[in-house]
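Understanding the architecture of this molecule
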Amino acid sequence: MANKVQYWSVKTSDNLTEREEEEGKSHLSPEGRRLRSWKDILFNSCQPVQWQGKFAAFLYILSGVLLLATSRFPTEKQCTRKMSTWSPMIEAVEYEWIIWDIEGPSKYTGKPTKDIEREWDYLWQYGSLGIPESKLGLLNKSRDEDWLHTPLELGGGVTALFEGFHQIHCLNLVRQYTYRDEYDYDGLPAFDQSPVKLLDHVEHCIEMLRIDLMCFSDETPYLILVDKHGEEVVHTNSLHRCRKFERLIDWAKNHIAEPYNATLELKKHADEHYKKNLFTPIETPTI
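Residues numbered from 1 in each chain as written. Predicted model: local features only at pLDDT ≥ 70, side-chain atom pairs only at ≥ 80, totals over all residues. Heavy atoms only, no water.

Per an unreviewed UniProt entry, the recorded name for the chain is Cyclochlorotine biosynthesis protein O, and the organism is Lachnellula cervina. On record in UniProt, under Pathway (unreviewed entry), the comment for the chain is "Mycotoxin biosynthesis." On record in UniProt, under Sequence similarities (unreviewed entry), the comment for the chain is "Belongs to the ustYa family." (UniProt positions renumbered as here; feature names shortened; annotations may be inferred.)

Counting its secondary structure elements, the chain contains nine helices and six strands. Expressed as a percentage of the 287 residues in the chain, the buried residues total 24%. Partitioning the contacts of the chain with sequence separation of at least 6, the portion at a separation of at least 24 is 64%. Total accessible area computed for the chain in this model is approximately 22000 Å², and 57% of it derives from carbon and sulfur atoms. (Helix = DSSP H or I, 4+ residues; strand = E, 2+ residues; numbered from the N terminus. Buried < 20%, exposed > 50% of the residue type's maximum accessible area, 1.4 Å probe, protein only. Contact = heavy atoms within 4.5 Å. Areas by Shrake-Rupley, 256 points an atom, 1.4 Å probe, with all protein chains shown as cover.)

Below, the discussion takes up helix H7 (residues 195-215). Its 21 residues place the ends of H7 30 Å apart at the C-alpha level, agreeing with the 30 Å of an ideal helix rising 1.5 Å per residue. Listing the buried residues of H7 in full gives Leu198, Val202, Cys205, Met208, Leu209 and Asp212. Viewed along the axis of H7, the buried residues span an arc of 120°, placing them on a single side of the element. Pointing more than 90 degrees away from the buried face of H7 are the exposed residues Val196, Lys197, Met214 and Cys215. The inward-facing, buried residues of H7 abut helix H6 (163-178). (Expected span 1.5 Å × (residues − 1). Arc of directions from axis to C-beta.)

Turning next to the nonpolar core. Most often, soluble globular proteins have nonpolar side chains that are buried together. Among the nonpolar cores identified, the biggest contains 24 residues, and Met89, Leu129, Phe162 and Phe165 are the most heavily contacted of them. Taken together, the elements giving at least two residues each to this core come down to helix H5 (114-124), strand S2 (129-131), strand S3 (158-160), H6 and helix H8 (245-255). With near-sequence residues (within four places) excluded, Phe162 lies in contact with Ser87, Pro88, Met89, Leu129, Trp251 and Ile256. In this structure, Cys170, Tyr185, Met208 and Leu209 belong to the second largest nonpolar core, which totals 12 residues. (Core = buried A, V, L, I, M, F, W, Y, C linked by side-chain atoms within 4.5 Å.)

Counted under the stated rule, the structure contains one disulfide. With its sulfur 2.4 Å from that of its partner, Cys170 forms a disulfide with Cys205. Since a negative S-S torsion denotes a left-handed disulfide, the Cys170-Cys205 link at about -65° is left-handed. Of this pair, Cys170 sits in helix H6 while Cys205 sits in helix H7, and the two are 35 residues apart along the sequence. Each member of the pair Cys170 and Cys205 is classed as buried. (Disulfide = S-S within 2.5 Å.)

What follows covers the pairing of strand S4 (residues 223-226). Here S4 pairs with strand S5 (residues 232-235) via four bridges, running antiparallel. Note that in S5 the partner of Ile224 across the bridge is Val234. If you look at the hairpin formed by S4 and S5, you'll find five residues sitting between the two strands, and Gly230 has a positive phi there, around 85°. (Pairing = 2+ DSSP bridges.)

Let us look at unusual backbone geometry. Its identity as a non-glycine residue notwithstanding, Asn140 has a phi of 60°, on the positive side. Structurally, Asn140 can be placed in the loop between S2 and S3. On the accessibility criterion, Asn140 (72% relative accessible area) is exposed.

Under the definition given, this model contains seven aromatic pairs. Ring centres 6.3 Å apart and planes at 80° place the aromatic pair Tyr122 and Tyr126 in the edge-to-face group. Residue classification places Tyr122 among the partly exposed residues on the basis of a relative accessible area of 28%. Look at Phe165 and Phe245: their rings are 6.0 Å apart centre to centre, the planes differ by 90°, and that puts the pair in the edge-to-face class. Taken together, the residues Phe165 in helix H6 and Phe245 in helix H8 connect sequence positions 80 residues apart. For Phe245, a relative accessible area of 28% gives the class partly exposed. Against the face of Tyr177 rests Arg180, its NZ or CZ located 3.8 Å from the ring centre. (Phe/Tyr/Trp six-rings, centres within 6.5 Å; stacked < 30°, edge-to-face > 60°. Lys NZ or Arg CZ within 6 Å of the ring centre and 35° of its normal.)

Structure representation (structure tokens):
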């Protein structure tokens, strides 16, 4: 026996309630056709659409995840500031991955020559600048002490130099002391003193470098290579995350107020320069 099909009559505008009629109009185009844009469906629908709630929940969760990610993982610059003592130079710090290449000689090694001395001078002779007294607390220093000040015509402030350049100076002095009998260093202030005072200076530098190496102890593994003859060779060409030293030198060249006076001739040159060009940094001559 065939199933009977039942039909229901459609309400006409005559028997629609006022509310039903208004709801019907909101779903129809001016021509009476059921045309609705996605904006209407998403924002203006009188009937809730099931996926709207799910979509909103997805956006809410996504925004939370992004907020958590950005708040939990600081930028490299934020990490640098957090893990470093305050310094005006901190703004110039950038990092790069480098594989150390220390096999064989470099332009910094070997018996001293004018070229080798010049390369070493380039690494550290960049003088001082003035920092605000208000920053002394960040350096764990008291404002009650009688700190050396930079002349007002050069910007004023407490005179400050930079530890990185100081440490390279110390390493350079130990190198020069090693070769003192093979090269004439009499023109340098460090060697223009008694042998006892010179040795005290060298000992100070050795201690300075020891403290620095222990403070920033490098945990990078290095390996031992067994060559074809069965000999064990220390393989120190390891991967490191290094600060871009040239960036720090560039910053120093642009901000140093008083150049480093390595010799009386350099001091005279600097004095003559600043008499003519106040506030203008100079490129420190090499010796």
